[in-house]
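Fold and contact review
The chain contents come next:
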Amino acid sequence: DVKVTQSSRYLVKRTGEKVFLECVQDMDHENMFWYRQDPGLGLRLIYFSYDVKMKEKGDIPEGYSVSREKKERFSLILESASTNQTSMYLCASSLIGGQGIAGELFFGEGSRLTVL
Amino acid sequence: AQSVTQLDSQVPVFEEAPVELRCNYSSSVSVYLFWYVQYPNQGLQLLLKYLSGSTLVKGINGFEAEFNKSQTSFHLRKPSVHISDTAEYFCAVSDRNNAGNMLTFGGGTRLMVKP
């Protein structure tokens, strides 16, 4: 089975802190994604990557950056956390093209970030 | 740009009753359609998908969905729900003409199955 592991399930940070969210997948998937999940808004794409060192902005990239130095690892960075970034963050991976022609994304369990 | 509307944010239902979760999307161009499920404290997993062919799609755990092109809908149904079906369900769509096949998600429907 594909496994997508997010390093932290729950984080509490203070406004202005730098935050790193780590994601690792074990199935050699080319594509990796970071989503933000908020009640009533569904999932919104922050950034995605289709190859090592490659990244593309999603729908809401402001306030975030990403890093993909190795194929299996995709990191989301909040340079200076703000209270409006309190949310659930989901990492996902897929095997082929864009978000996968078959649309099958494999998700991690999520990281719930609270910014005080 | 695509948009996906899940008409009900919450659906309470008694165990063994039938359920329908509604999903409409904005574009009439050719699309791929998906339903994902998120159980409490877990990530999302694929429930079923429509790529082409038969408009009635069967998924895991007894769920099925019907693609209706004229109504731009992809409603999810189950004839008899179980307590274990309590979860949040997300409809998603991607545009076949978009080389990136980017998924757009709806806002989610929380299914609450009561004993």
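A few points on the structure. (Residues numbered from 1 in each chain as written. Chains lettered and ligands numbered in written order. Predicted model: local features only at pLDDT ≥ 70, side-chain atom pairs only at ≥ 80, totals over all residues. Heavy atoms only, no water.)

1. Considering the overall build of chain B
In plain terms, the rule: Working definition: helices are DSSP H or I runs of at least four residues, strands are E runs of at least two. Numbering for both runs from the N terminus. The quantity called the radius of gyration is restricted to C-alpha atoms. Its globule counterpart is 2.2 Å times the number of residues to the power 0.38. Throughout this description, buried means an accessible area under 20% of the type-specific maximum (1.4 Å probe, protein chains only), exposed means over 50%, and partly exposed covers the range between. Contacts are assigned to residue pairs with any non-hydrogen atoms lying within 4.5 Å of each other. Per-residue and other accessible areas follow the Shrake-Rupley method at a 1.4 Å probe size, with only the shown protein chains counted as cover for residues.
When helices and strands are tallied, chain B shows zero helices and twelve strands. For chain B, the N- to C-terminal ordering of α and β elements is β-β-β-β-β-β-β-β-β-β-β-β. For 115 residues, the compact-globule formula gives about 13 Å, and the C-alpha radius of gyration of chain B, at 14 Å, lands near that figure. With the principal axes as the frame, chain B shows a C-alpha extent of 45 × 30 × 20 Å. Out of the 115 residues belonging to chain B, those deemed buried represent 49%. In chain B, the share of contacts with a sequence separation of at least 24, taken over all contacts with a separation of at least 6, comes to 57%. Surface exposure of chain B reaches about 5300 Å², of which carbon and sulfur atoms provide 49%.

2. Some remarks on the sheet that holds strand β8 (residues 73-78) of chain A
Residue and element names in this part refer to chain A. Applicable threshold: Whether two strands pair comes down to DSSP finding at least two bridges between them. An axis is simply a line fitted to the C-alpha atoms; with a helix, the fit covers only the stretch in contact. Between two such axes, the angle follows the N-to-C directions and lies from 0 to 180 degrees.
Taken together, four strands build an open sheet; the order of strands is β1-β3-β8-β7 and the sheet is antiparallel. Looking along the sheet, the strands with just one partner apiece sit at the ends: β1 (4-6) and β7 (65-70). When strand polarity is set aside, the average angle formed by the axes of neighbouring strands in this sheet is 20°. Of the pairings in the sheet, the one linking strand β3 (residues 19-25) to β8 comprises six bridges and is antiparallel in character. Pairing of V19 across the sheet is with L78, part of β8.

3. A look at the layout of surface pockets
The line we're drawing: With a 1 Å grid laid over protein atoms only, a set of points is called a cavity when a 1.4 Å probe fits there but cannot get out and a pocket when it is open yet has protein on both sides within 12 Å along at least five of seven lines; lining residues have an atom within 4 Å of a point. Grid points are joined across faces, edges and corners, and a volume is the space filled by probe spheres set on the points. Residues were grouped as follows: Ala, Val, Leu, Ile, Met, Phe, Trp, Tyr, Cys and Pro as nonpolar; Asp, Glu, Lys and Arg as charged; and all remaining residues, including Gly, as polar.
Counted as a void, the largest pocket has a volume near 500 Å³. For the largest pocket, the lining is made up of 29 residues, of which Q37 and R112 of chain A together with Q38, E88 and R110 of chain B are closest to its centre. When contributions to the lining of the largest pocket are tallied by element, the ones reaching two or more residues are β4 (31-38), β9 (87-94) and β11 (111-115) of chain A together with β10 (87-95) and β12 (109-114) of chain B. When its residues are assigned to classes, the lining of the largest pocket shows nine nonpolar, 14 polar and six charged.

4. Focus on the pairing of β4 of chain A
Residues and elements named next belong to chain A. Buried residues dominate β4, accounting for eight of its eight residues. Across the two faces of β4 the burial is the same, with N31, F33, Y35 and Q37 and M32, W34, R36 and D38 all buried. As paired elements, β4 and β9 share seven bridges and run antiparallel to each other. Considered in β9, the bridge of W34 is made with C91. Across seven bridges, β4 lies against strand β5 (residues 42-49) in antiparallel orientation. Counterpart to R36 in the pairing with β5 is R44. Counted along the chain from β4 to the antiparallel partner β5, the turn is three residues long, and its residue G40 has a positive phi close to 80°.

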